[in-house]
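One-letter residues, chain by chain:
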2 protein chains.
Amino acid sequence: MDTLFRDATVLTMNDAHEIMEHGDVLVRDGCIAAVTTDEAMPAVDAARPDVAVVDCHGDVLMPGLINAHAHISMSLFRNYANDQNLQTWLEESIWPLESHLTREDIVCGARLSMAEMLAGGITTFMDMYDEEAAIAEVVEAVGMRAVLGEGVTDRSLQRKLPLIQEMIETSTPRVHYMVAPHAVYTCSPETLRTLGDLAASAHVGIHIHLAETQQEDAECRAHYGLSPTALLHREGLLNGQSLLAHGVFLDDEDIETIARAGASVVYNPASNMKLASGFMRLSALRDAGVNVALGTDGPSSNNTQDLFKDMRLGSFIQKGRSGDATAAPARAMLELATRGGARAMGRDDLGQIAPGARADLVLVDFHNIRHTPFPDDVEAALVYATAADDVRLTMVEGEILYRDGAFSHLDVDAVRHEAQAAWQRLCAFR
Amino acid sequence: MDTLFRDATVLTMNDAHEIMEHGDVLVRDGCIAAVTTDEAMPAVDAARPDVAVVDCHGDVLMPGLINAHAHISMSLFRNYANDQNLQTWLEESIWPLESHLTREDIVCGARLSMAEMLAGGITTFMDMYDEEAAIAEVVEAVGMRAVLGEGVTDRSLQRKLPLIQEMIETSTPRVHYMVAPHAVYTCSPETLRTLGDLAASAHVGIHIHLAETQQEDAECRAHYGLSPTALLHREGLLNGQSLLAHGVFLDDEDIETIARAGASVVYNPASNMKLASGFMRLSALRDAGVNVALGTDGPSSNNTQDLFKDMRLGSFIQKGRSGDATAAPARAMLELATRGGARAMGRDDLGQIAPGARADLVLVDFHNIRHTPFPDDVEAALVYATAADDVRLTMVEGEILYRDGAFSHLDVDAVRHEAQAAWQRLCAFR
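Residues numbered from 1 in each chain as written. Chains lettered and ligands numbered in written order. Predicted model: local features only at pLDDT ≥ 70, side-chain atom pairs only at ≥ 80, totals over all residues. Heavy atoms only, no water.

Explanation requested: the overall build of chain A in the structure shown.
Per the secondary structure count, chain A includes 15 helices and 17 strands. By the compact-globule yardstick of 22 Å for 430 residues, chain A fits well, its C-alpha radius of gyration being 21 Å. Principal-axis analysis of the C-alpha atoms gives chain A an extent of 65 × 45 × 40 Å. For chain A, the proportion of its 430 residues judged to be buried stands at 65%. Within chain A, residue pairs in contact and separated by at least 24 positions form 71% of the contacts whose partners lie at least 6 positions apart. (Helix = DSSP H or I, 4+ residues; strand = E, 2+ residues; numbered from the N terminus. Rg over C-alpha atoms; globule rule 2.2 N^0.38 Å. Buried < 20%, exposed > 50% of the residue type's maximum accessible area, 1.4 Å probe, protein only. Contact = heavy atoms within 4.5 Å.)

Structure, rendered in C-alpha cells:
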C-alpha cells in the first residue's frame with residue numbers, strides 16, 4: 001500500500017537544504033515517489049483506495065536518523081557502572097559481565113535498543129558487537145535498516161573469519177555488513193591486514209574504533225612509531241568505505257590522511273564526554289572535507305540511544321570548547337545525523353527526502369510546548385529543542401514501524417520483560 | 001485532602017542520600033507528614049476517605065527540581081536567533097524584540113514556561129526579568145513556587161526602585177523576591193550599592209549575572225581593577241543570600257571570596273555552551289564549599305526549560321573538560337538541582353523528601369525503555385537516561401499541578417495559542 005504524508009513541513013536535507021511548507025510526500029514500493037507542494041497531486045492520490053493518508057498538520061517530516069556507531073546489545077548494561085574512568089569501567093564493570101553474555105542476551109538487548117531507536121526517530125544503525133548474525137535476524141523481523149560488523153580482536157580472529165565471510169554473503173536490501181577490527185590496541189598489524197584484505201575482496205568497508213583516547217594514541221605511537229590513523233593507513237585499511245568511530249585524537253596530518261582516503265569519522269559526543277575521552281575536532285574535520293556521521297555509542301556509556309539529545313550535546317560542546325557560538329550550527333548537526341551517516345554507507349538514496357530515495361522517514365510533533373512558538377528555524381528547533389519523545393511516526397523502506405507509542409513488529413512489554421530477566425541473570429556475575 | 005504516594009522508589013535527597021524501595025509518602029496540609037516503608041501506616045491511611053492514593057508501582061518519587069536561574073518569559077524567543085555569538089545575539093536579535101514586549105507578552109511567555117517546567121518536574125524557579133509582579137500573579141494562579149527578581153540596570157533604577165520595594169512587601173508562602181541588579185557591566189558601583197542596601201534592609205538576597213563571559217571579566221578588571229566578584233564584594237553585595245548566576249570566569253581568589261561569604265553560584269551549562277561562554281569550574285567551587293545550584297537560563301539560549309537534559313549535559317561537559325570520568329557524578333548533579341537550589345533560597349524544607357518538608361514532589365516513570373533494565377543506580381539513571389517526558393506527576397505545596405499530560409490550572413492549548421499570537425506580533429519588529 002502507498003502512503004501519502006499530507007501537509008507536512010518537509011525538511012528535505014537535500015543539497016539545497018530545502019524546507020517545504022505544506023509539503024506532500026508520496027511513498028510507493030519502499031521508495032519516495034513524489035515530493036511536492038502541488039495541491040493537485042495529493043488530492044488525486046489521497047482519493048485512491050490503496051493509499052494510506054497521514055495528515056501531518058504542519059508537523060515536521062524529516063529523513064530517518066542514522067546512528068553510525070553503536071553496540072546496541074549493551075542496552076542490558078544501561079545505567080550500570082557510571083562515573084568511572086574508561087579502564088575501570090571496562091576491566092572491572094563491563095568485560096566481566098560481557099564474558100557471560102549469551103546469544104539470547106545479545107538478541108534481547110538488541111531488541112530493546114531497536115524499540116528505543118525507532119521511538120526516537122532512528123531508522124538505520126551501524127553496529128559492532130558479537131553475534132551479529134543473530135542481530136541481523138532481529139533487524140529483518142523488526143523492519144529496520146542496519147550495517148553490522150562482527151567485532152574482531154587478535155583473540156577471536158581465527159574463530160570469526162569464516163563467520164564474517166558467511167555473513168557478508170547474506171546481505172539483504174536492509175541488512176549490510178562491514179568488517180570490524182575492534183581497534184589498533186586489540187588487533188595486531190597482521191590481524192588488521194587480514195581483515196583489510198577480507199573487506200577489500202568482499203567489497204565492503206571496515207568499521208573500527210580509532211583514536212578514541214589519549215592512551216590509545218600514546219601507546220600506538222610508542223609501539224609503532226605511528227599514530228593510530230597512520231598505522232591503519234599503512235596497513236591498507238583507509239579508503240572511501242572506512243568507518244572510523246570516535247576520532248577524538250587526530251592531529252592535522254591524521255585528518256589530511258583521512259580526507260585523502262575519503263574515509264568517514266563518527267562523532268560520539270555523549271560517550272566521549274561520559275567516559276572523559278575528549279572533544280573531537282569537528283570543524284577541522286569538516287573543513288578538511290572529511291565526511292562526519294553521528295553515533296550514540298553503546299547505551300552503557302550514553303545512557304540512551306537518542307540522537308536528538310546527542311545532536312544538541314554535540315553542537316553545544318563544540319561551541320563551548322571553541323569559544324565560538326557559530327561553531328557546529330544546527331544544520332551541520334542534522335547533516336551528520338542524516339546525510340553524513342548515509343555517505344558513510346556509500347548511499348545517496350538515504351538521509352534525504354527526494355524522489356527516488358528510500359522511504360526512511362520520521363514525523364516529528366511540532367505542535368507542543370517545546371516547539372511553541374512554531375519555529376521559523378526548523379533546523380535549530382530540531383537540534384536544540386526537540387526530544388526523542390516528539391517522534392510521532394517512524395517509517396523504514398516505506399513501512400511504518402512505529403506510530404504514537406505502538407510498534408508494528410515489537411511487543412515492547414515483552415521486550416522489556418525479557419531484558420529485565422536477562423539482566424537479573426547477569427547480576428549474579430557482578 | 002491528603003495524598004498518599006504508595007509503593008514508590010523514594011529518592012529522598014536527604015543528608016544520608018537514602019533511597020527507599022517500596023516507600024510510602026503521606027502528604028498533609030502542603031507538607032510531608034510521613035515517609036516510611038512500614039506497611040501498617042499506608043494501609044491505615046489509604047483506607048481514610050479523605051486520602052487520595054497515588055499508586056507508584058515502584059516508580060521514582062523525588063523532590064521537585066529547582067530551576068535556580070531563568071528568564072522564563074523569553075520562551076517567546078525560543079528557537080529564534082541560534083548559532084550567534086553573545087553580542088550579536090543580544091544586540092541584533094534579542095534586545096530589538098525585547099524592547100517591544102508588553103506586560104501581556106511577558107505574562108504569556110511566563111505561562112508557557114510554567115507549563116513546560118511543571119511537565120518536566122520543575123516545582124520552583126528563580127527568575128530575573130521585567131514585570132515580575134505580573135509574573136507573580138501567574139505563579140500564584142498556576143500553583144508553582146518562585147523567587148522573583150525584577151531586573152535592574154542603571155537606566156531603570158529610579159523607575160524600578162519603588163516597584164521592587166512594593167513587590168517585596170507582597171511576599172507570600174509560594175512567591176518570594178530577591179533584588180536583581182542585572183550585572184556589573186550594566187550597573188554602576190552606585191547602583192549596586194543602592195540595590196545592595198535595599199536588599200539588606202528588606203532582608204532578601206540579590207540575584208545577579210556574574211562572571212558569565214571573558215569579556216565581562218576583562219572589562220571589569222580594566223575599569224575597576226577588580227574582578228566582578230571582588231567588585232561585588234567591595235560594594236557589599238556578597239553574603240549568604242546572594243545568588244550568582246553563571247560564575248564561569250572565577251579565579252581561585254574569587255572562589256575563596258564567594259565561599260567565605262556563603263553565597264550560592266548557579267551553573268547554567270546549556271546556556272554557557274550554546275553562547276560559547278565557557279566551562280564553569282564546578283569541582284573547584286564545590287571543593288571550596290560553595291553551594292552550587294542548577295539553572296536553565298532563558299529558553300532562548302537553551303532552548304528548553306529541561307533540567308533533566310541539563311543535569312546530563314552539566315555532568316558530561318565537566319567529565320570531558322577535566323578528562324576525569326568521575327567528575328560531576330550523578331549524585332552531585334541531583335544535589336545541584338534539588339538541595340543546591342533550596343540552599344540558595346535559604347530553605348531546608350525544600351529539595352528533599354523528609355517529614356516536615358514542604359510537599360514539592362515529582363513522580364518519574366521508571367517502567368519504560370529508557371529505564372530498562374530497572375536501574376539499581378537510580379541516581380545515574382535520573383541524570384543520564386531520564387527525559388523530562390518521563391515525569392508522570394508534579395506536586396507543589398501538596399497540590400498536584402500536573403499529571404499524565406494534564407495541568408490543574410493551565411489550559412495548555414490556550415497558552416500555546418496566545419504565545420503563538422504574541423510571537424507573530426513581535427515578528428513585525430525583526
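Right, picking up where we left off after that structure.
Explanation requested: the sheet that holds strand β8 (residues 145–152) of chain A in the structure shown.
Backbone-to-backbone hydrogen bonds join strands into a sheet, with any given pair of strands oriented parallel or antiparallel. Residues and elements named next belong to chain A. On the basis of which strands lie adjacent, the open sheet formed by four strands has the order β6-β7-β8-β9 and parallel pairing. Whereas interior strands pair on both sides, the edge strands pair on one side only; in this sheet they are β6 (65–70) and β9 (175–181). Strand-to-strand twist across the sheet, computed as the mean angle between neighbouring axes with direction ignored, equals 15°. Pairing analysis gives six bridges linking strand β7 (residues 122–129) to β8, with the strands arranged parallel. Considered in β8, the bridge of D127 is made with L148. Where helix α3 (residues 103–119) meets the sheet, it contacts β6 and β7, and its direction lies at approximately 150° from that of β7. Against the sheet, helix α6 (residues 189–202) contacts β8 and β9, and its axis sits at roughly 160° relative to β9. (Pairing = 2+ DSSP bridges. Axes fitted to C-alpha atoms, helices over the stretch in contact; angles between N-to-C directions.)

What am I meant to see in the packing of α3 of chain A against helix α4 (residues 132–142) of chain A here?
Packed helices, taken two at a time, are described by the angle their axes make and the gap between the axes. Residues and elements named next belong to chain A. For the pair α3 and α4, the least separation of the axes is 9 Å and the interaxial angle reads 35°. The handedness of the crossing between α3 and α4 is right-handed. Packed against α3, whose contacting residues are R103, I106, V107, A110, R111, M114 and L118, the element α4 presents A134, I135, E137, V138, V139 and V142 at the interface. Here the residues of the contact of α3 with α4 are counted per class, giving ten nonpolar, no polar and three charged. (Left-handed = near helix turned anticlockwise from the far one by under 90°. Nonpolar A, V, L, I, M, F, W, Y, C, P; charged D, E, K, R; others polar.)

How do you make sense of helix α5 (residues 157–169) of chain B when you look at a structure like this?
Count 3.6 residues to each turn of an α-helix, and residues three or four apart come out pointing the same way. Counted at 1.5 Å a residue, the expected span for α5 of chain B with its 13 residues is 18 Å, and the 18 Å between its end C-alpha atoms agrees. Residues of α5 of chain B that are buried make contact with α4 (132–142), β8 (145–152), β9 (175–181) and α6 (189–202) of chain B. (Expected span 1.5 Å × (residues − 1).)

Explain unusual backbone geometry here, please?
A cis amide bond links N302 of chain B with the next residue in sequence, N303 of chain B, at an omega value of 5°. Cis rather than trans, the peptide bond between T372 of chain B and P373 of chain B has omega equal to -5°. Assignment of secondary structure puts P373 of chain B in the loop between β14 (361–364) and α14 (378–384). Phi is positive for E131 of chain A, which is not a glycine, with a value near 55°. The backbone phi angle of H203 of chain A is positive, close to 60°, even though this residue is not glycine. Looking at where H203 of chain A falls in the secondary structure, it is placed in the loop between α6 and β10 (207–210).

Help me understand empty space enclosed by the protein in this model?
Over the atoms rolls a probe the size of a water molecule, and in doing so it shows where empty space is left. Taken as a whole and assessed by the stated rule, the structure comprises six cavities of 30 Å³ or more. In this structure, the largest cavity spans a volume of roughly 120 Å³. Around the largest cavity, the lining is made up of 18 residues, and of these D306, K309 and A387 of chain A together with K309 and A387 of chain B lie nearest the centre. Broken down by secondary-structure element, the contributors of at least two residues to the lining of the largest cavity are α12 (307–322) of chain A together with α12 (307–322) of chain B. With three residues, the single largest contributor to the lining of the largest cavity is α12 of chain A. (1 Å grid on protein atoms, 1.4 Å probe; cavity = no way out; pocket = protein on both sides within 12 Å on 5 of 7 lines; lining within 4 Å. Points joined across faces, edges and corners; volume = space filled by probe spheres on them.)

Would you take a moment to explain the interface of chain A and chain B for this structure?
Interface size is commonly expressed as the accessible surface area that is lost when the partners come together. Taken residue by residue, the interface counts 61 residues in chain A and 61 residues in chain B. Buried surface at the junction of chain A and chain B, summed over both partners, amounts to about 5,000 Å²; 55% is from carbon and sulfur atoms. By the criterion of area lost to chain B, the three top residues of chain A are D83, I369 and P373 of chain A, representing 14% of everything that side buries. Taken together, chain A and chain B are joined by eight salt bridges. Taking the shortest distance from any N to any O, the salt bridge between D376 of chain B and R430 of chain A comes out at 2.7 Å. Of all the elements in the fold, those that place two or more residues in the side of chain A that touches chain B are α3, α10 (269–274), α12, α14 (378–384) and α15 (412–427) of chain A. Looking at the side of chain A that touches chain B residue by residue, the class counts come to 28 nonpolar, 17 polar and 16 charged. (Buried area = accessible area lost by both parts, 1.4 Å probe. Salt bridge = Lys/Arg side-chain N within 4 Å of Asp/Glu carboxyl O.)

Looking at this structure, I do not really get the pairing of strand β11 (residues 243–246) of chain B. What am I missing?
On any regular strand, side chains alternate: one points to one face of the sheet, the next to the other face. Residue and element names in this part refer to chain B. One ladder, built from four bridges, connects strand β10 (residues 207–210) with β11; its direction is parallel. From the neighbouring strand, H209 faces β11, where its bridge partner is A245. In this structure, β11 lies alongside strand β12 (residues 264–267), joined through three bridges in parallel fashion. When the bridges of β12 are listed, A245 appears paired with V266. Chirality of the crossover, the property in question, places the unit of β11, helix α9 (residues 252–261) and β12 among those that are right-handed. (Right-handed = clockwise from strand over helix to strand, strands pointing away.)

Just checking my understanding: could you explain the packing of α12 of chain A against α12 of chain B for this structure?
Close contact between α12 of chain A and α12 of chain B brings their axes to 11 Å; oriented N to C, the two are set at 45°. By the angle between their directions, the pair α12 of chain A and α12 of chain B is classed as oblique. α12 of chain B is crossed by α12 of chain A, and the crossing has right-handed handedness. Along the contact surface, α12 of chain A presents K309, D310, R312, L313, F316, I317 and R321 of chain A, while α12 of chain B presents K309, D310, R312, L313, F316, I317 and R321 of chain B. Residue composition of the contact of α12 of chain A with α12 of chain B, by class: six nonpolar, no polar and eight charged. (Parallel < 35°, antiparallel > 145°, perpendicular 65-115°, else oblique.)

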